[in-house]
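Tertiary structure, described
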Amino acid sequence: MSLAGCLTTILISWYAVPSFLAILVSIGVGLAFGAANGLIITKMNMPPFIATLATMNIMRGISYTITGGKPVSVTADSLFENIGAGFLGQVPIAVIYVVIAFVFLWMLLNRTRFGRHIYAVGGNLTAAKYSGINTDKTIFLAYVLTGVFSAFGGIILVSRLNSGQPTIGEGAELDAIAACIVGGTSLSGGSGTLTGTLIGAVLMGVISN
């Protein structure tokens, strides 16, 4: 979140890169770090908690480095502001993003082979491997998706703030975990629904606000 958000504002403010292109570049960086996590975990057999904690700190360190530890404001780009803070009629554009993401991910989890593989790998990695599932590929793609969505979340946040700051997203990983657990996802894996997660996220958001 931090790296994608800061990179987007830097590209727009310092290098006059068009908003759409800056967003694509930042999402690409999120995808790359998600892929790196997936490779570290599947090919180096590093525990996911350790791998993601390390890369999180690396990415936040990069955010501090490229911004010099200071906020980077976007003051003359109404298009970028509307990406996160705009409205479609009376509906906030951020709500539209949630609906689109929900539909996409619901179809992915419930109507595709990949979605069934995610549940199988989460429930029992060894059993999934013996049943013919390419577990490494499933885990890798899950981390790639996580990287993309995390980056997009950071971009939406800096758009609403009109400022990229290296401190944004601090504690977001705990909010994400809490939202999933409150929504009924098992910490041991293999069970949970997207609808429950959405409810958990809404509850966490209401409490936070």
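Scroll up to find the structure.
Here the structure is a predicted model, which is why all the values come from computation and not from measurement.

**Looking at helix α10 (residues 194–208)**
- Taking 1.5 Å of rise per residue, the 15 residues of α10 would be expected to cover 21 Å, and the 21 Å separating its terminal C-alpha atoms lies within 8% of that figure.
- Three or more residues of α10 are buried, namely Leu194, Gly196, Thr197 and Gly200. Across the axial projection of α10, the buried residues extend over an arc of 155°, all falling on one side.
- The secondary structure elements touched by the buried residues of α10 are α5 (93–111) and α9 (172–182).

**Let's talk about unusual backbone geometry**
- For Ala16, which is not glycine, the phi dihedral falls at a positive 55°.
- By the secondary structure assignment, Ala16 is in the loop between α1 (2–15) and α2 (19–43).
- Residues other than glycine seldom take positive phi values, yet Asn162 does so here, at roughly 60°.
- Mapped onto the elements, Asn162 comes out in the loop between α8 (135–161) and β4 (163–164).
- You can call Asn162 partly exposed: its relative accessible area is 21%.

**Points about the packing of aromatic side chains**
- Using the criterion set out here, one finds one aromatic pair in the structure.
- Relative to Phe152, the ring of Tyr97 lies with its centre 5.2 Å away and its plane at 75°, an arrangement referred to as edge-to-face. Placement of Tyr97 in helix α5 and of Phe152 in helix α8 is noted, with a sequence separation of 55 residues between them.
- Of the residues examined, Tyr97 reaches a relative accessible area of 23% and is grouped as partly exposed.

**Quick notes on the side chain of Thr135**
- Of note, Thr135 is situated in helix α8.
- Of the residues examined, Thr135 reaches a relative accessible area of 4% and is grouped as buried.
- With residues up to four places along the chain from it excluded, the contact list for Thr135 reads Val121, Leu125, Ala128 and Lys129.

About the thresholds
- Residues numbered from 1 in each chain as written.
- Predicted model: local features only at pLDDT ≥ 70, side-chain atom pairs only at ≥ 80, totals over all residues.
- Heavy atoms only, no water.
- Helix = DSSP H or I, 4+ residues; strand = E, 2+ residues; numbered from the N terminus.
- Expected span 1.5 Å × (residues − 1).
- Buried < 20%, exposed > 50% of the residue type's maximum accessible area, 1.4 Å probe, protein only.
- Arc of directions from axis to C-beta.
- Contact = heavy atoms within 4.5 Å.
- Phe/Tyr/Trp six-rings, centres within 6.5 Å; stacked < 30°, edge-to-face > 60°.

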